[in-house]
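# Understanding the architecture of this molecule
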Amino acid sequence: YGFNIIGIETGPSALVTGPETMADDAVLKGLLDGLDKAAQNNVALMLLLSPHYFPDWARQKYPALNSCGMGFLSYCLENPESRRVIERYLRKLIPLIKDKPALHSYCLANELTYEGYCDFAQSQFKTAMTAKYKTIDRLNKEWGTKYTGFDEIKITKELAKNSNTSPALRYDWFTFHNSLVKDFFTWMKKIIREMDPKTPIHIKVMPNIFQYEAGVDREDVAELSDINGC
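Conventions used here
Residues numbered from 1 in each chain as written. Predicted model: local features only at pLDDT ≥ 70, side-chain atom pairs only at ≥ 80, totals over all residues. Heavy atoms only, no water. Helix = DSSP H or I, 4+ residues; strand = E, 2+ residues; numbered from the N terminus. Contact = heavy atoms within 4.5 Å. Areas by Shrake-Rupley, 256 points an atom, 1.4 Å probe, with all protein chains shown as cover. Lys, Arg positive; Asp, Glu negative; His and termini not counted. Charge placed at Lys NZ, Arg CZ, Asp CG, Glu CD. Salt bridge = Lys/Arg side-chain N within 4 Å of Asp/Glu carboxyl O. Buried < 20%, exposed > 50% of the residue type's maximum accessible area, 1.4 Å probe, protein only. Axes fitted to C-alpha atoms, helices over the stretch in contact; angles between N-to-C directions. Parallel < 35°, antiparallel > 145°, perpendicular 65-115°, else oblique. Nonpolar A, V, L, I, M, F, W, Y, C, P; charged D, E, K, R; others polar. Core = buried A, V, L, I, M, F, W, Y, C linked by side-chain atoms within 4.5 Å. Pairing = 2+ DSSP bridges. Patch = residues over 30% accessible without salt bridge, like charges linked within 9 Å, V, L, I, M, F, W, Y side chains within 5 Å. Expected span 1.5 Å × (residues − 1). Polar contact = N/O pair within 3.5 Å; in protein donor to acceptor, adjacent residues only side chain to side chain.

## Some thoughts on the overall build of the protein
- Looking only at helices and strands, the protein features nine helices and four strands.
- The N-to-C order of helical and strand elements in the protein reads β-α-α-β-α-α-β-α-α-α-α-β-α.
- Taken along its principal axes, the extent of the C-alpha atoms in the protein is 65 × 40 × 25 Å.
- Intrachain contacts of the protein at a sequence separation of at least 6 include 76% that bridge at least 24 residues.
- Taken as a whole, the protein presents about 11,700 Å² of accessible surface, with 54% of it coming from carbon and sulfur.
- Within the protein, one finds 28 positive and 29 negative side-chain charges whose respective centroids are separated by 1 Å.

## Some thoughts on the pattern of salt bridges
- Applying the stated criterion across every chain yields a total of 18 salt bridges.
- For Glu20, the salt bridge goes to Arg84, with nearest N and O atoms at 3.0 Å. A residue pair is termed long-range when its members are at least 10 positions apart, and Glu20 in the loop between α1 (12-15) and α2 (29-40) and Arg84 in helix α4 (residues 80-97) qualify at 64 residues.
- On the basis of relative accessibility, which here comes to 66%, the residue Glu20 falls in the exposed class.
- A residue is classified by how much of its surface remains accessible, and Arg84, at 31% relative accessible area, is partly exposed.
- In this structure, Arg193 and Asp226 form a salt bridge, with 2.8 Å as the shortest nitrogen-oxygen distance. Separated by 33 residues along the polypeptide, Arg193 in helix α8 (residues 167-195) and Asp226 in the segment after α9 (218-224) bring together distant segments of the chain.
- For Arg193, a relative accessible area of 23% translates into the label partly exposed.
- A single network of salt bridges, built from pairs that share partners, joins Glu87, Arg91, Lys190 and Glu194.

## What to know about unusual backbone geometry
- Positive phi, close to 45 degrees, is recorded for Ser50, a residue that is not glycine.
- You can call Ser50 buried: its relative accessible area is 0%.

## Comments concerning the packing of helix α5 (residues 119-133) against helix α6 (residues 136-143)
- It is at 9 Å that the axes of α5 and α6 come closest, and there the two elements cross at 95 degrees. Judged by the angle between their axes, α5 and α6 are roughly perpendicular. Counting all contacts with α5, which are made through Phe125, Met129, Lys132 and Tyr133, the residues of α6 involved are Arg138, Leu139, Glu142 and Trp143.
- Residue classes in the contact of α5 with α6 are distributed as five nonpolar, no polar and three charged.

## Some words on the nonpolar core
- Judged by nonpolar contacts, the single largest core of 68 residues is most densely connected at Leu49, Leu90 and Phe185.
- By residue number, the principal contributor to this core is α8, which donates 13 residues.
- When near neighbours in sequence (up to four residues on either side) are disregarded, Leu90 contacts Leu49, Pro95, Met188, Ile191, Ile192 and Met195.

## Some thoughts on the sheet that holds strand β1 (residues 5-9)
- Taken together, four strands build an open sheet; the order of strands is β1-β2-β3-β4 and the sheet is parallel. Sheet topology places β1 and β4 (201-202) at the edges, where each strand pairs with a single neighbour.
- Relative to β4, strand β3 (residues 103-107) runs parallel, the two sharing two bridges. Bridging from a neighbouring strand, Cys107 pairs with His202 of β4.

## Some words on a nonpolar patch on the surface
- A grouping of Tyr1, Phe3 and Ile6 is seen on the molecular surface, where their side chains present a nonpolar patch of about 470 Å² in accessible area.
- Within the secondary structure, Ile6 sits in strand β1.
- Classification of Ile6 by relative accessible area gives partly exposed; the value is 38%.

## What to know about α4
- Across its 18 residues, α4 extends 26 Å between first and last C-alpha, which sits within 8% of the 26 Å expected from 1.5 Å per residue.
- Here α4 has its buried residues at Ser82, Arg83, Val85, Ile86, Arg88, Tyr89, Leu90, Leu93, Ile94 and Ile97.
- Buried residues along α4 sit in contact with α1, α2, β2 (44-48), α3 (56-61), β3 and α8.
- One side-chain oxygen of the residue at the start of α4 lies 2.9 Å from the amide nitrogen of Glu81, identifying that residue as Asn79.

What follows is the structure, encoded as C-alpha cells:
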C-alpha cells in the first residue's frame with residue numbers, strides 16, 4: 001500500500017501480572033519482531049502505550065481504583081496503586097524498545113476522557129482552594145455558598161455538572177479536575193524520559209472541542225506533546 005508508518009499497541013495488563021510479578025520478555029515478542037521487521041522495510045512504528053489495558057487483578061485487589069474513570073481511562077489516576085502498576089509497566093517496557101531504529105514515537109494514551117471525584121481528588125481540591133482563597137469567607141463570597149470550613153467542601157458529579165451551580169465553583173472544580181489528567185501524563189512522561197530522553201511523545205485526543213467536563217484541557221495536552229501526533 002505504500003505506508004511508511006504504522007501504529008501498534010501494548011499495555012500494562014500484558015506485563016504486570018501481579019502485585020510482585022511480571023511477565024517474561026517473550027510476551028513482547030510480537031512487538032519486538034514488529035519493530036525489527038519495520039526497520040527492515042523502511043517503515044516507522046508509533047507505539048500506543050495503552051494505559052487503558054489495566055490488569056484485572058489490580059482492580060480486584062484494590063477496588064478503590066474503580067471509584068473514578070471514564071472511557072479509556074476507567075480507573076483512578078490519583079491512587080498510588082494504579083501509578084505503581086503503570087510505573088512497573090513502563091520500567092519493564094521502555095528499556096527493551098527505546099533503541100529500536102524503527103521506533104517513531106510513544107503515544108501516551110488513546111482518546112482521552114476522565115472523571116475523578118474520589119477521596120484523593122477531593123482532598124487535593126480542598127488543598128488547592130485553601131491556597132487560592134485563604135479564608136472560607138472569601139470562598140463563600142465567590143461561590144455563593146455557606147461552608148463553615150474548607151473541610152466541608154465535597155464536589156459531586158451532580159453538583160459540578162448542574163448548570164444552576166455557581167459558575168465560580170464550576171470553574172474552580174473543572175480547572176482543578178483537568179489538572180488531574182495533566183499531572184498523570186506529566187508523571188508518566190517523566191518516567192519515560194528517565195529511560196529514553198529522545199523519542200517523541202504525544203497523546204491522541206478526540207475532535208470534541210468543549211471537553212472541559214471530561215478532564216481534558218487541550219492546551220495542557222499540547223504542552224505535553226513533543227509533536228502533534230494523532
